[in-house]
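Here is what each chain is made of, one letter per residue.
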Amino acid sequence: MKNRVILLLVFAVGIYFISTIYSNSNLKESNLPKSWKVNDEIINLKIDSLIKIMTLDEKIGQTVLLTSTRDVTGPSVNKNYERLIKEGKVGNIFNAYGAEFTKGLQKMAVENTRLGIPLLFGYDVIHGHKTIFPISLGESASFDLEAIEKSSRIAAIEASSEGLHWTFAPMIDIARDPRWGRVSEGSGEDVYYGCEVAKARIRGFQGSDLKNINTILACAKHYAAYGATQAGRDYHTVDLSDRELRTTYLPPFKAAVDQGVATFMTSFNELNGVPATGNKYLLKDILRNEWGFKGFVVTDYQSINEMVAHGIVENNKDAAELAINVGVDMDLQGEVYSKYLKELIEEGKVSEDQLNITVRRILELKYALGLFEDPYRYSNIERQEKNIMTEEHLEAARDIARKSMVLLKNNNNTMPLSKDTKIALIGSLANSERDMIGSWSGAGKHKDDPVTVLEGFIEKIGKENIFYAEGTKLNRYMRRTDASNKSGFNEAINAAKKADIIVAAMGELQSMSGEASCRTDLDLPGNQKELLVELKKLNKPIILILLNGRPLTLEWEDQEMDAILEAWFPGTMGGHAIADIVFGDAIPSGKLPVTFPRSLGQVPIYYNMKNTGRPIDPNEKVNPYKSMYLDNPNSPLYPFGYGLSYTTFQYSNLVLSNDHITNTKEIRVSVNVKNTGEYDGEEVVQLYIKDLVGSVTRPVRELKGFQKVFIEKGKTKTVEFELTGEDLKFYDINMDYVAEPGDFKLFIGCNSNATLSSEFTYQ
Ligand code: BGC
């Protein structure tokens, strides 16, 4: 290796002198964003030199990303990937982790190929690597950006210790259709919040300097509008107006670019007739030209090839041509760049300059990570042993799991329970390690590591106080109507008879949400509800703990259960975190980042919709010829931003520093929040605005700020916000992003139905 590096350096110096004479302006243009904190000049020079000595095959190799067989996350694998590494035909590997394993693969590239260019190792480190945090939707319910950043930081520390350089995260698709299984992977329905979460996660993964050994490249995915898939069916068609695309689906991606995200992943869907992976408007016009993104773009799993099925090209070769020419740099497992790029260049359909730009983007990041200095720096067994699942990481996972849980109902203060309560714990999910960590659970072990609800309860109150029964069994393809098997009911009912209170841990299997896990029914699947109906007959209080990855329809449960705690898939320490909340060692503080409908028929339903020309009057019983349903109210069961605590908060004294904003003058908003209950607790104070009249219609309200504050019982805190002209901008009638003069309303409170309000104008 040493000889190879020396040879490369000698070459580089020689080429430097040549390159100063024949400098290629295209290659010089691409500079790294400041946040990557690398010395542009020197790197540019080295990369110029390297590209000049690379053969076409070597360049193409850098555009190829193949899966190892260690883990498989899609429909195809090339078992010959090791041979291809040695031949220099693949420059990047995913689904490979572990210091020893990655070191072995890296050696193959460094020692066998002519130039010894190091491999880049990528993986889906979505909500933790080995220490698994709550699913992203759950974490987002914490409304705690510091905690979210910390969880990504810890994931990066663990992943980088196992040889990984790159995560395929954050997933920042705004999602408003709970049928879509991938709602679980994002931060919910809101644009403002989605941008904040995206930035926090990128800061966490990439840290302040990619040269640091514990940072990894982040990847903004899936670009773009994947969450707007028709009928909530995965991979389905997306057709959106440009206004809706730019207003709702693109902002988190723009925020990611501004935060210095290193890479982008294209999405599977088509957008307005053109698949995202071949979409010039998205990839060239917006991402590169408008936003100035300088990193590289990778495809989703074979999404170049899928353009044939989409019907936009005839064959894989044409698909490769389309993708590279719109600026897709890396082919994830599609093996079409490796197969066709050379031919396409020889035929003049793709220019070698285009390929050089692509290769440069990839090499830049390999340099930024320090891989050319030491290709093995991430694969370090000692670091791996020291950094994986440390006490500190596990404690952080438990903490954010607690913060992410949302108390949906708590009649007569059913919770917290006293620790001498006799409990019947019912439900197969209560004793399922695999389901605790949710889908896309990185390299998290499916057995032994995850703490189940049963284990968490036993540790908290002792085995003797718990009567556990499975009651129901779930399977992935189950519908609610598959309710005939009641064989476990008796055991559950007998357990419940012995107890003071029933705790039912129910919801979805982890495999019921996530990729390719869409549902046409949002009720509790299988016969879980039927079992609850039977348990209810015992006239004992029932607490429902929900483990699930999407909004569910819970009207009946909301009426009949005494308390409901939304715990999502809470991660490795989930069982402990749930027990902490149920028994009052922690106070719930999560809020819903996504609306929970009353029934599936209301979907899509989200808080910041438009008023329509015929809004209903909430004070009228009958609203003929109004925008409404006959059989259900328009309102959701639980609105965006909703979540209870064991304590209560009262809002008062809303004061605005001024009655108008100009483009040079902001408004400061303050409100007093008093903890009026019996416990110290945290509240998410939320600020919404409504633009009363616009050149295009405006949403009924929009979140523009939030703060999570800790308030001791009996104490009051003054919470302050600042609103500027920037917060009032939107795409006007001419698609210009501006704030329009006029009147605004402002609301502050504990969820998106906040009523404490004031007014201001923009001048
Ligand atoms: C998913 C991506 C993921 C990729 C690699 C795809 O099927 O859509 O989110 O990053 O596989 O595992």
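Along its length, the protein carries 24 helices and 26 strands. Its C-alpha atoms put the protein at 85 × 65 × 50 Å along the principal axes. Here the protein holds 763 residues, and the buried ones make up 62% of them. Excluding contacts between residues fewer than 6 apart, the proportion of contacts in the protein whose partners are at least 24 apart in sequence is 78%. Surface accessibility of the protein: about 28,700 Å² in total, with carbon and sulfur atoms responsible for 48%. Separation between the mean location of the 88 positive side-chain charges and that of the 102 negative ones in the protein comes to 1 Å.

It is worth spelling out helix 14 (residues 316-325) at this point. Here helix 14 has its buried residues at Lys 317, Ala 319, Ala 320, Ala 323 and Ile 324. Buried residues of helix 14, seen end-on, are gathered within an arc of 155 degrees and therefore sit on one face of the element. Of the surrounding elements, those touching the buried residues of helix 14 are helix 13 (306-310), helix 15 (337-346) and helix 16 (352-368). Taken from the residues just after helix 14, Gly 327 is the one with a positive phi, measuring 100 degrees.

Here we take up a nonpolar patch on the surface. A surface patch of nonpolar side chains, amounting to about 320 Å² of accessible area, comprises Ile 616, Met 628 and Leu 630. Here Leu 630 shows up in the loop between helix 24 (574-582) and strand 17 (649-656). Owing to a relative accessible area of 87%, Leu 630 belongs among the exposed residues under this scheme.

Turning to the pattern of salt bridges, a few remarks are in order. On inspection of all chains with the given rule, the structure shows 48 salt bridges. We note a salt bridge from Lys 221 to Asp 124, for which the minimum N-O separation is 3.2 Å. Separated by 97 residues along the polypeptide, Lys 221 in strand 5 (residues 219-223) and Asp 124 in the loop between strand 3 (120-123) and helix 7 (136-140) bring together distant segments of the chain. Pair check on accessibility: Lys 221 and Asp 124 agree, each one buried. Note that Arg 203 is salt-bridged to Glu 149, the shortest N-O span being 2.9 Å. Separated by 54 residues along the polypeptide, Arg 203 in helix 9 (residues 191-206) and Glu 149 in helix 8 (residues 145-161) bring together distant segments of the chain. Judged by its relative accessible area of 26%, Glu 149 is partly exposed. Taken together, the salt bridges that share partners define one network made up of Asp 144, Glu 395, Arg 398, Asp 399, Arg 402, Lys 403, Lys 419, Lys 460, Asp 580 and Asp 585.

Moving on, we come to the nonpolar core. Membership of the largest hydrophobic core comes to 185 residues, with the highest contact counts inside it found for Ile 93, Trp 166, Tyr 223, Phe 264, Leu 408, Phe 457 and Ile 578. With seven residues, helix 16 is the single largest residue contributor to this core. A domain-level breakdown of this core finds at least three residues from each of domain 1 (2-125 + 218-368) and domain 2 (403-602). If sequence neighbours within four positions are ignored, Tyr 223 has contacts with Leu 250, Phe 253, Phe 264, Met 265, Thr 266, Ser 267, Ala 276, Leu 282, Leu 283, Ile 286, Leu 287 and Trp 291. Ranked by size, the runner-up nonpolar core spans 24 residues in total, among them Leu 654, Ile 661, Val 669 and Leu 687.

Leaving glycine out, the prevailing phi sign among residues is negative, and the prevailing peptide bond configuration is trans. With an omega of 0 degrees, the peptide bond between Lys 221 and His 222 qualifies as cis. Position of His 222 among the secondary structure elements: in strand 5. Cis peptide bonds are those with omega within 30 degrees of zero, and the linkage from Tyr 223 to Ala 224 qualifies with 5 degrees. Along the chain, Ala 224 falls in the loop between strand 5 and helix 10 (242-249). Even without a glycine there, the phi angle at Gln 302 is positive, about 60 degrees. Not every positive phi belongs to a glycine, and Asn 653 is a case in point at roughly 55 degrees. Here Asn 653 lies in strand 17.

Turning next to the pairing of strand 19 (residues 667-675). Most of strand 19 is tucked away: seven of the nine residues are buried. Pairing analysis gives six bridges linking strand 17 to strand 19, with the strands arranged antiparallel. Looking across to strand 19, one finds that Leu 656 is bridged to Val 669. As judged from the eight bridges shared by strand 19 and strand 22 (residues 716-723), these two strands associate in the antiparallel manner. What sits directly across from Arg 668, in strand 22, is Glu 722.

What follows deals with the pairing of strand 25 (residues 742-749). Note: strand 20 (residues 681-691) against strand 25, six bridges, orientation antiparallel. Along strand 25, the bridge assignment pairs Tyr 688 with Phe 747. Note: strand 25 against strand 26 (residues 756-762), seven bridges, orientation antiparallel. Bridging across to strand 26, Phe 744 finds its partner in Phe 760. Hairpin geometry of strand 25 and strand 26 is characterised by an intervening segment of six residues between the two adjacent antiparallel strands.

The next thing to look at is the site of the ligand. Residues in close proximity to the ligand total 13 residues, the closest being Thr 73, Asp 124, Arg 182, His 222 and Asp 300. His 222 places a side-chain nitrogen or oxygen 2.7 Å from an oxygen atom of the ligand. One of the side-chain N or O atoms of Asp 300 is found 2.5 Å from an oxygen atom in the ligand. Taking 310 Å² as the accessible area of the ligand by itself, protein coverage stands at 99%. Across the shell around the ligand, the residue classes tally to six nonpolar, two polar and five charged.

Here the focus is the environment of Ile 545. Relative to the assigned elements, Ile 545 resides in strand 15 (residues 542-547). When its relative accessible area of 0% is taken as the criterion, Ile 545 is described as buried. Taking the C-alpha atoms as reference points, Ile 545 and Leu 756, 211 residues apart in sequence, are found 31 Å from one another. Ignoring any residue separated from it by four or fewer positions in sequence, one finds Ile 545 in contact with Phe 457, Val 503, Ala 504, Ala 505, Met 506, Leu 565, Ala 567, Ile 578 and Val 582.

What follows is about the packing of aromatic side chains. On inspection of all chains with the given rule, the structure shows 28 aromatic pairs. Summarising the aromatic geometry, the rings of Trp 568 and Phe 596 are spaced 6.3 Å apart at their centres and angled 80 degrees between planes, so their arrangement reads as edge-to-face. Residue Trp 568 is located in the loop between strand 16 (563-566) and helix 24, and its partner Phe 596 is located in the loop between helix 24 and strand 17; the two are separated by 28 residues in the primary sequence. Accessibility classification places Trp 568 together with Phe 596 in one group, the buried group. Positioned above the aromatic ring of Phe 730 is the side chain of Arg 698, whose terminal nitrogen or guanidinium carbon lies 3.8 Å from the ring centre.

How big an interface is tends to be expressed through the accessible area that disappears when the partners come together. When the domains of the protein are assigned, the result is domain 1 (2-125 + 218-368), domain 2 (403-602) and domain 3 (649-762). Taken together, the contacts link four residues of domain 1 with five residues of domain 3. The junction of domain 1 with domain 3 conceals about 390 Å² of combined surface from both sides, 58% of it contributed by carbon and sulfur atoms. Of all residues in domain 1, the largest losses of buried area upon contact with domain 3 belong to Arg 243, Arg 246 and Thr 247, amounting jointly to 93% of the total for that side. Put simply, domain 1 and domain 3 have zero salt bridges between them. At the junction of domain 1 with domain 3, the criterion picks out two residue pairs in polar contact (both at pLDDT 80 or more). Taken together, the residues of the side of domain 1 that touches domain 3 sort by class into no nonpolar, one polar and three charged.

Criteria and thresholds
- Residues numbered from 1 in each chain as written.
- Predicted model: local features only at pLDDT ≥ 70, side-chain atom pairs only at ≥ 80, totals over all residues.
- Heavy atoms only, no water.
- Helix = DSSP H or I, 4+ residues; strand = E, 2+ residues; numbered from the N terminus.
- Buried < 20%, exposed > 50% of the residue type's maximum accessible area, 1.4 Å probe, protein only.
- Contact = heavy atoms within 4.5 Å.
- Areas by Shrake-Rupley, 256 points an atom, 1.4 Å probe, with all protein chains shown as cover.
- Lys, Arg positive; Asp, Glu negative; His and termini not counted.
- Charge placed at Lys NZ, Arg CZ, Asp CG, Glu CD.
- Arc of directions from axis to C-beta.
- Patch = residues over 30% accessible without salt bridge, like charges linked within 9 Å, V, L, I, M, F, W, Y side chains within 5 Å.
- Salt bridge = Lys/Arg side-chain N within 4 Å of Asp/Glu carboxyl O.
- Core = buried A, V, L, I, M, F, W, Y, C linked by side-chain atoms within 4.5 Å.
- Domains from an automatic or database assignment.
- Pairing = 2+ DSSP bridges.
- Near = heavy atom within 4 Å.
- Polar contact = N/O pair within 3.5 Å; in protein donor to acceptor, adjacent residues only side chain to side chain.
- Nonpolar A, V, L, I, M, F, W, Y, C, P; charged D, E, K, R; others polar.
- Phe/Tyr/Trp six-rings, centres within 6.5 Å; stacked < 30°, edge-to-face > 60°.
- Lys NZ or Arg CZ within 6 Å of the ring centre and 35° of its normal.
- Buried area = accessible area lost by both parts, 1.4 Å probe.

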